[in-house]
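Given next are the chains, with one letter for each unit.
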Amino acid sequence: MAARRPGTSASSSPTMSPSHRMNSGGAGISGKSTLRKQNAVEQESANPNNILVRTIMAKTKRKKIVFPTKKELSEAMAEYTANLSAKFCKARGYFTVVLSGGDLISWLSELLEPMYQESIEWSKWHIFWVDERVVPLDHKDSNYKLAFDGFLSKVPIPIANIYAIDKDCAALGDAKGAALLYEECLKRLVNRDIIRTYKSSGFPQFDLQLLGMGPDGHMASLFPGHYQIKEKADLVTYITDSPKPPPKRITFTLPVINCASYNLMAVCDEAQADAVAKVFNDNFDLPAAWLTADVEAVWFLDQAAASKIPKGH
Ligand SMILES: O=C1O[C@H](COP(=O)(O)O)[C@@H](O)[C@H](O)[C@H]1O
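Residues numbered from 1 in each chain as written. Predicted model: local features only at pLDDT ≥ 70, side-chain atom pairs only at ≥ 80, totals over all residues. Heavy atoms only, no water.

Peer 1: Would you explain the environment of Ser200 in this entry?
Peer 2: Along the chain, Ser200 falls in the loop between strand 5 (196-197) and strand 6 (204-205). In this structure Ser200 comes out as exposed when scored by relative accessible area, which is 67%. Sequence separation between Ser200 and Ala271 is 71 residues; the distance between their C-alpha atoms is 40 Å. (Helix = DSSP H or I, 4+ residues; strand = E, 2+ residues; numbered from the N terminus. Buried < 20%, exposed > 50% of the residue type's maximum accessible area, 1.4 Å probe, protein only.)

Written out as structure tokens, the structure is:
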């Protein structure tokens, strides 16, 4: 794979995930030239200052559900995930799940309840990370370690189905290498038909992504004011000056994030209320405001996080 230069393949703004149709996929991933050609066509219409894009975004209703407590949010997230697991395991024998770091992992604890432990077809799950901090896999800042200690070690998902970043790149702090290898890993799994692809674009299409947002409006490791949000050709990119420590990270690009069938964004606490309000006010300076999905993008909020959403949203 050609080495990437930060920012060179980025367009003026992120892409959108268009229609609401499931794709059976499996045709194998297309080359970068195909992706670039398609992206060039999309660039014009993907500018947030473009009236057409604003209209499309307005029509892409962001769904939200506000829960009285984190416990209820956590229960609903477990039910949502279990239902999708049943649906995708039945339809294709796999369930591709993308995790993020942060608070989300503690809210997954409801899935450890006996009801789910016994009913979910864990052996069919395949686990990925939407972003990862480029630190050793046993480092306290590692999203892999967070998820493994808090969730993955407690459910019978085969270890071969858990796709951490390359451990040598992680140990060396090689963000660029980690991004390249993770992208190659995704492509291999597309070619094995474990990950579907989004229509003819060749982009991987995950079944479910469980996401979080920081108080500055970042999602994954796409931060406001940083070029990675504009990356459109690569599947995975990297950052070496993240405003939130640790500085070296890799992240799915926005087109990949928005190709997912289902995106569930879970946000709690008052510290996030301003950012949540900006998102629901369509402030596209916040990367999280760009979140869409092929089938459904839903925000699970607790009351504190939802407290500043403008009336009518
Ligand atoms: O650094 C990160 O932050 C975001 C948000 O985390 P939260 O603790 O505010 O929920 C997280 O989604 C991302 O995966 C992580 O690397």
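Now that the structure has been shown, we can carry on.
Peer 1: Looking at this model, I keep getting lost on the site of the ligand. Mind explaining?
Peer 2: In the vicinity of the ligand lie 15 residues, with Gly101, Asp131, Arg133, His218 and Lys244 positioned nearest. A distance of 2.7 Å separates an oxygen atom of the ligand from a polar atom in the backbone of Gly101. Its free accessible area being 390 Å², the ligand has 93% of it covered by the protein chains. Looking at the shell around the ligand, its residues break down into two nonpolar, eight polar and five charged. (Near = heavy atom within 4 Å. Polar contact = N/O pair within 3.5 Å; in protein donor to acceptor, adjacent residues only side chain to side chain. Areas by Shrake-Rupley, 256 points an atom, 1.4 Å probe, with all protein chains shown as cover. Nonpolar A, V, L, I, M, F, W, Y, C, P; charged D, E, K, R; others polar.)

Peer 1: Is there a simple way to explain the UniProt feature "domain: Glucosamine/galactosamine-6-phosphate isomerase" (unreviewed entry) in the protein in this structure?
Peer 2: As annotated in UniProt, the feature "domain: Glucosamine/galactosamine-6-phosphate isomerase" (unreviewed entry) corresponds to residues 69-299 in the numbering used here. With 34% helix and 17% strand, residues 69-299 has end C-alpha atoms that lie 14 Å from one another. (UniProt positions renumbered as here; feature names shortened; annotations may be inferred.)

Peer 1: Please clarify how the nonpolar core should be interpreted in this entry.
Peer 2: Of all hydrophobic cores here, the largest spans 92 residues; its most connected members are Leu99, Trp125, Phe128, Tyr182, Phe252 and Trp299. Element by element, the count of residues in this core is highest for helix 3 (residues 70-92), at nine residues. Apart from residues lying up to four places away in sequence, Phe252 is in contact with Val98, Phe128, Trp129, Val130, Tyr182, Leu186, Phe206, Gln209, Leu222, Leu235, Val236 and Ile257. (Core = buried A, V, L, I, M, F, W, Y, C linked by side-chain atoms within 4.5 Å. Contact = heavy atoms within 4.5 Å.)

Peer 1: What is the right way to read the packing of aromatic side chains from this model?
Peer 2: How two aromatic rings sit relative to each other is set out by the distance from centre to centre and by the angle between their planes. Applying the stated criterion across every chain, the model contains 16 aromatic pairs. A ring pair is formed by Tyr80 and Phe300, whose centres lie 5.7 Å apart and whose planes are at 75°; its orientation type is edge-to-face. Taken as a pair, Tyr80 in helix 3 and Phe300 in strand 11 (residues 296-302) lie far apart in primary sequence, 220 residues in all. An angle of 45° between the planes, with centres 4.7 Å apart, marks the rings of Phe284 and Trp290 as tilted. The exposure classification of Phe284 matches that of Trp290, with both residues buried. (Phe/Tyr/Trp six-rings, centres within 6.5 Å; stacked < 30°, edge-to-face > 60°.)

Peer 1: Help me understand unusual backbone geometry, please; the structure alone is not making it clear to me.
Peer 2: Note the cis peptide between Pro245 and Pro246, where omega equals -5°. In this fold, Pro246 is placed in the loop between strand 8 (236-239) and strand 9 (249-252). With a phi angle near 70°, Asp193 is a residue other than glycine that sits in the positive phi range. Relative to the helices and strands, Asp193 is located in the loop between helix 8 (175-191) and strand 5. For Asp269, which is not glycine, the phi torsion reads 90° and is therefore positive. With respect to the helices, strands and loops of the structure, Asp269 is situated in the loop between strand 10 (262-267) and helix 10 (273-280).

Peer 1: Mind showing me how you'd approach the environment of Pro136 here?
Peer 2: Along the polypeptide, Pro136 turns up in the loop between strand 4 (131-133) and helix 6 (143-150). When its relative accessible area of 30% is taken as the criterion, Pro136 is described as partly exposed. A sequence separation of 60 residues divides Pro136 from Arg196, and the C-alpha atoms of the two residues are 29 Å apart. When sequence neighbours within four positions are dropped, the list of residues in contact with Pro136 reads Ser142, Ala170 and Ala171.

Peer 1: In this structure, what is going on with the pairing of strand 9? I would like to understand it.
Peer 2: Side chains on a regular strand alternate between the two faces of the sheet. Residues Arg249 and Thr251 of strand 9 are buried on one face, and the alternating residues Ile250 and Phe252, pointing to the opposite face, are buried as well. Both strand 4 and strand 9 contribute to a ladder of three bridges, which runs antiparallel. Paired with Asp131 across the bridge in strand 9 is Thr251. Here strand 8 pairs with strand 9 via four bridges, running antiparallel. (Pairing = 2+ DSSP bridges.)

Peer 1: How should I be thinking about the environment of Val134 in this particular structure?
Peer 2: With respect to the helices and strands, Val134 occurs in the loop between strand 4 and helix 6. Distance in space between the C-alpha atoms of Val134 and Asp207 is 25 Å, their sequence separation being 73 residues. Ignoring sequence-local partners within four residues, the contact set of Val134 consists of Ile165, Cys169, Ala170, Gly173, Asp174, Ala175, Ala178, Lys248, Arg249 and Ile250.

Peer 1: Would you take a moment to explain helix 3 for this structure?
Peer 2: Owing to its 3.6 residues per turn, the α-helix aligns residues three or four sequence positions apart on the same side. Compared with an ideal rise of 1.5 Å per residue, which puts 23 residues at 33 Å, helix 3 spans 32 Å between its outermost C-alpha atoms and is within 8% of the ideal. For helix 3, the full list of buried residues reads Leu73, Ser74, Ala76, Met77, Ala78, Tyr80, Thr81, Ala82, Leu84, Ser85, Phe88 and Cys89. Count one or two residues on from helix 3 and you reach Gly93, which has phi positive near 80°. (Expected span 1.5 Å × (residues − 1).)

Peer 1: Where do I start with the sheet that holds strand 9 in this structure?
Peer 2: Within a sheet, each strand pairs with its neighbour through backbone hydrogen bonds, oriented either parallel or antiparallel. Spatially, the three strands line up as an open sheet ordered 4-9-8, and their pairing is antiparallel. The open sheet has two free edges, formed respectively by strand 4 and strand 8, since each of these has just one partner strand. Within this sheet the neighbouring strands show an average axis-to-axis angle of 20°, counted without direction. This element, helix 8, spans strand 8 and strand 9 of the sheet and lies at about 165° to strand 8. (Axes fitted to C-alpha atoms, helices over the stretch in contact; angles between N-to-C directions.)

Peer 1: Sorry, what's going on with the pattern of salt bridges here?
Peer 2: In a structure, side chains of opposite charge can pair up when their charged atoms sit close to one another. Under the criterion given, the structure shown has 12 salt bridges. In this structure, Arg249 engages Asp131 in a salt bridge whose closest nitrogen and oxygen atoms are separated by 3.7 Å. Of this pair, Arg249 sits in strand 9 while Asp131 sits in strand 4, placing them 118 residues apart in sequence. On the basis of relative accessible area, Arg249 is assigned to the buried category, the value being 1%. (Salt bridge = Lys/Arg side-chain N within 4 Å of Asp/Glu carboxyl O.)

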